[in-house]
Amino acid sequence: MKLFAILLLSGLITGCRGNSSYSLPPKLLLVSFDGFRADYLQNYEFPHLQNFIQDGVLVEHVNNVFITKTFPNHYSIVTGLYEENHGIVANSMYDAITKKHFSDIEDKDPSWWNEAVPIWVTNQLQENRSSAAAMWPGTDVSIHNTTPSYFMNYSSLVSFEERLNNITTWLSNSNPPVTFATLYWEEPDASGHKYGPEDKENMRRVLKEIDDHIGNLVYKLKMLGLWENLNVIITSDHGMTQCPKDRLINLDLCIDHSHYTLIDLTPVAAILPKLNKTDVYNKLKTCSPHMSVYLKEDIPARFHYQHNNRIQPIILVADEGWTIVLNKSSPKLGDHGYDNSLPSMHPFLAAHGPAFHKGYKHSSINIVDIYPMMCHILGLKPHPNNGTLGRTKCLLVDQWCINLPEAIGIVIGALFILTTLTCLIIIMQHRLSVPHPFARLQLQEDDDDPLIG
Ligand SMILES: [Zn+2]
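Model, not experiment: these values are computed from the prediction.

Engineer: Mind laying out the overall build of the chain, listing which residues take part and the relevant values?
Structural biologist: Looking only at helices and strands, the chain features 13 helices and 18 strands. Counted over contacts in the chain with a minimum sequence separation of 6, partners at least 24 positions apart contribute 71%. Accessible surface, the chain as shown: approximately 22,500 Å² in total, 58% of it carbon and sulfur.

Next up, the structure:
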């Protein structure tokens, strides 16, 4: 009874606390450091990021989507869709039906983005809420006739500090309040391409700068009184792998350039044949043992990369570390875009705030699972998507989740209780079956009864 009263009381207290926090709408800041490979966390030092994780959650690997490029994966994070479903299937695209071209520097035509609805649009359609963005791909485009209320036109020249200042200002002083915000930074992707991820010295310097940015972000949020009530997700779009200079696949040695239009080059080349598709395919098929060549209809189902007009009739997928070139192109020392099952292509995810557990580590989620999780945190109804909220339940304080060690603990605990109860019952039964001295005495008295009578 006492226990019941305590449980009831604690339930009431939790309920009251819940109600008071729900009077403020939940807020979420989504941060991406482009090209932050998952194992950088193990191989380099991140004191500020580790503090953030210690008080929040860490997902060690995020299974991203194919092709493992920047625009496609950033759009999957905010829509929960595979590339074939959201339509941003590469950083360079061509639509054979509309005859339009898209590139990451010429991306303002909304028709490329309108196959999906990103979370900042959905958030803004809610009463009394607005969204803000410091340069997430697509946030300066009028998608479904909507941009975030506050946004910056993309320019790589704008410093991290300026982006951070804008975001924190918008999160502090806007009406209706900004409840969803994004912050994007080009590193460590740019340096990963330039030096390659195995250049420890240069990468250590760049990754220290990123950790300092994270330190500044947390400091600023604390100074402005935003830290306690804000949910912050820090993640990325893809990893990076080393590309040795001699691992080149030169298409010009296999096929005359006049036979096809090259839409995208490496490590996934998108080929639009000009005349005979089979002829082009056969020439490319035997071009290199370090590259897979697929007709669109034969692209493996696990890539979820087939059902869209913007995916070209032939795609070439280089093996990890190999670079597809034309005679004239100069290769990079690091690259991404490869098969999304490669661990080197995976980013990580860390999160902190009232919606998240503290000090919890999780092995992996899919990049498309981030969207339903964000919708849940913000109380938004998600659009149909390829993600699953269930895969992120263990990260969230308001969800019941059971992981393997806990499950084993519960089973062992239950077995222990059952065994103890069984033993107690056996002992009790044993005691009851032993004749009691008083019972014998009683029997004797009974025996005496007739004499007394
Ligand atoms: Zn990227």
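Engineer: Go over the sheet that holds strand 13 (residues 291-295), please, and point to the residues and values.
Structural biologist: An order of 11-12-14-13 is seen for the 4 strands of this open sheet, with the pairing classed as antiparallel. Sheet topology places strand 11 (260-264) and strand 13 at the edges, where each strand pairs with a single neighbour. Taking each pair of neighbouring strands and ignoring which way they run, the sheet shows an average axis angle of 25°. Here strand 11 pairs with strand 12 (residues 268-273) via 4 bridges, running antiparallel. Across the sheet, threonine 261 pairs through a bridge with leucine 272, a residue of strand 12.

Engineer: How would you explain the packing of helix 3 (residues 47-54) against helix 9 (residues 200-223) if you had to name every residue and give the values?
Structural biologist: It is at 7 Å that the axes of helix 3 and helix 9 come closest, and there the two elements cross at 50°. Our classification of the angle between helix 3 and helix 9 gives oblique. Touching Pro47, His48, Leu49 and Phe52 of helix 3 are Asp211, Asp212, Ile214, Gly215 and Val218, all from helix 9. Classifying every residue of the contact of helix 3 with helix 9 gives 5 nonpolar, 2 polar and 2 charged.

Engineer: An account of the state of the cysteines is requested, with residue identities and associated values reported.
Structural biologist: Applying the stated criterion across every chain, the model contains 2 disulfides. Covalently, cysteine 254 is tied to cysteine 287 through a disulfide, its sulfur atoms 1.9 Å apart. For the disulfide bridge between cysteine 254 and cysteine 287, the dihedral angle about the S-S bond is near 75°, and by the sign convention the bridge is right-handed. Of this pair, cysteine 254 sits in the loop between strand 10 (248-250) and strand 11 while cysteine 287 is found in the loop between helix 10 (277-285) and strand 13, placing the two residues 33 residues apart along the sequence. The disulfide partner of cysteine 394 is cysteine 401, and the S-S distance across this bridge is 1.9 Å.

Engineer: Can you explain the sheet that holds strand 8 (residues 230-235)? Please cite residues and give values.
Structural biologist: Reading across the sheet, the 8 strands line up as 6-5-7-1-8-17-2-18 and stay open at both edges, with mixed pairing between neighbours. The two strands at the open ends of the sheet, each matched to only one other strand, are strand 6 (150-151) and strand 18 (360-366). Across 4 bridges, the pairing between strand 8 and strand 17 (residues 349-352) is antiparallel. Pairing of isoleucine 234 across the sheet is with alanine 350, part of strand 17. Strand contacts of helix 3: strand 2 (57-63), strand 8 and strand 17, with the helix running at about 60° to strand 17, the strand carrying the most contacts.

Engineer: Describe the nonpolar core, naming the residues involved and giving the relevant values.
Structural biologist: Most often, soluble globular proteins have nonpolar side chains that are buried together. Formed by 59 residues in total, the largest nonpolar core has its most connected members in Trp113, Ile119, Ile233, Tyr305, Ile315, Phe356 and Met374. Breaking this core down by element, the ones donating at least two residues are strand 1 (27-33), strand 2, helix 4 (70-79), helix 6 (119-125), strand 14 (314-318), strand 17, strand 18 and helix 11 (370-378). When residues of this core are assigned to domains, at least three fall in each of domain 1 (26-81 + 116-241 + 340-395) and domain 2 (248-335). Those residues in contact with isoleucine 315 that sit more than four places away from it in its chain are Phe66, Val268, Ala269, Ser292, Val293, Tyr294, Ile299 and Tyr305. Counting residues in hydrophobic clusters, the runner-up holds 44 residues, among them Phe52, Leu58, Phe160 and Ile167.

Engineer: How would you sum up the side chain of serine 130? Please name residues and give values.
Structural biologist: Looking at where serine 130 falls in the secondary structure, it is placed in strand 5 (residues 130-134). Those residues in contact with serine 130, other than ones at most four positions away along the chain, are Asn123, Gln124, Ser149, Tyr150, Pro176, Pro177, Val178, Thr179 and Phe180.

Engineer: I'd like a rundown of the pattern of salt bridges, residues and numbers included.
Structural biologist: As enumerated under the stated definition, the model contains 12 salt bridges in all. Put simply, Asp95, Glu115 and Arg310 are held in one network by salt bridges that share partners.

Engineer: Help me get a handle on the packing of aromatic side chains, residues and values and all.
Structural biologist: Scanning the model with the defined rule gives 15 aromatic pairs in all. Seen in terms of ring centroids, phenylalanine 71 and phenylalanine 102 are 6.0 Å apart; in terms of plane orientation they differ by 70°. Their pairing is edge-to-face. Of this pair, phenylalanine 71 sits in helix 4 while phenylalanine 102 sits in strand 4 (residues 100-103), placing them 31 residues apart in sequence. Look at phenylalanine 102 and you get buried, because its relative accessible area is 3%. A network of ring pairs unites the aromatic residues Phe36, Tyr40, Tyr44, Phe46 and Phe348 as a single cluster. Positioned over the ring face of tyrosine 44 is lysine 200, at 4.9 Å from the centre of the ring.

Engineer: I'd like a description of the coordination of the zinc ion, backed by residues and values.
Structural biologist: Protein coordination of the zinc ion is provided by Asp34 (OD), Asp34 (OD), Thr70 (OG1), Asp237 (OD) and His238 (NE2), with donor distances spanning 2.0 to 2.7 Å. Mapping the donors of the zinc ion onto the primary sequence gives the spacing D-x35-T-x166-D-H. Here aspartate 34, found in the loop between strand 1 and helix 2 (40-43), pairs with aspartate 237, found in the loop between strand 8 and strand 9 (241-242); they are 203 residues apart in sequence, far enough to count as distant. In this pair, the class of aspartate 34 matches that of aspartate 237, namely buried.

Engineer: Tell me about a nonpolar patch on the surface, residues and numbers included.
Structural biologist: On the surface, Phe416, Ile417, Leu421, Leu424 and Ile425 cluster together into a nonpolar patch covering about 530 Å² of accessible area. By the element assignment, leucine 424 lies in helix 12 (residues 404-433).

Engineer: So, the side chain of glutamate 186: which residues are in play, and what are the values?
Structural biologist: Here glutamate 186 shows up in the loop between strand 7 (178-185) and helix 8 (189-195). Overall, glutamate 186 belongs to the buried group, its relative accessible area being 15%. Every residue in contact with glutamate 186, bar those within four places of it in the chain, is listed here: Asp34, Tyr154, Ser155, Ser156 and Arg163.

Engineer: Go over the UniProt feature "transmembrane region" (unreviewed entry) in the chain with me, naming the residues and quoting the values.
Structural biologist: Residues annotated in UniProt with the feature "transmembrane region" (unreviewed entry) correspond here to residues 407-427. Taken as a whole, residues 407-427 contains 100% helix and 0% strand, while its terminal C-alpha atoms sit 30 Å from one another.

Engineer: Provide a residue-level description of helix 4, including the pertinent values.
Structural biologist: Of all 10 residues that make up helix 4, 10 are buried, and the element is covered over most of its length. Positive backbone phi, approximately 70°, marks glycine 80, located one or two places after helix 4.

What counts and how
- Residues numbered from 1 in each chain as written.
- Predicted model: local features only at pLDDT ≥ 70, side-chain atom pairs only at ≥ 80, totals over all residues.
- Heavy atoms only, no water.
- Helix = DSSP H or I, 4+ residues; strand = E, 2+ residues; numbered from the N terminus.
- Contact = heavy atoms within 4.5 Å.
- Areas by Shrake-Rupley, 256 points an atom, 1.4 Å probe, with all protein chains shown as cover.
- Pairing = 2+ DSSP bridges.
- Axes fitted to C-alpha atoms, helices over the stretch in contact; angles between N-to-C directions.
- Parallel < 35°, antiparallel > 145°, perpendicular 65-115°, else oblique.
- Nonpolar A, V, L, I, M, F, W, Y, C, P; charged D, E, K, R; others polar.
- Disulfide = S-S within 2.5 Å.
- Core = buried A, V, L, I, M, F, W, Y, C linked by side-chain atoms within 4.5 Å.
- Buried < 20%, exposed > 50% of the residue type's maximum accessible area, 1.4 Å probe, protein only.
- Domains from an automatic or database assignment.
- Salt bridge = Lys/Arg side-chain N within 4 Å of Asp/Glu carboxyl O.
- Phe/Tyr/Trp six-rings, centres within 6.5 Å; stacked < 30°, edge-to-face > 60°.
- Lys NZ or Arg CZ within 6 Å of the ring centre and 35° of its normal.
- Donors = N, O, S within 2.8 Å, 3.2 Å for Na, K, Ca; no water.
- Patch = residues over 30% accessible without salt bridge, like charges linked within 9 Å, V, L, I, M, F, W, Y side chains within 5 Å.
- UniProt positions renumbered as here; feature names shortened; annotations may be inferred.

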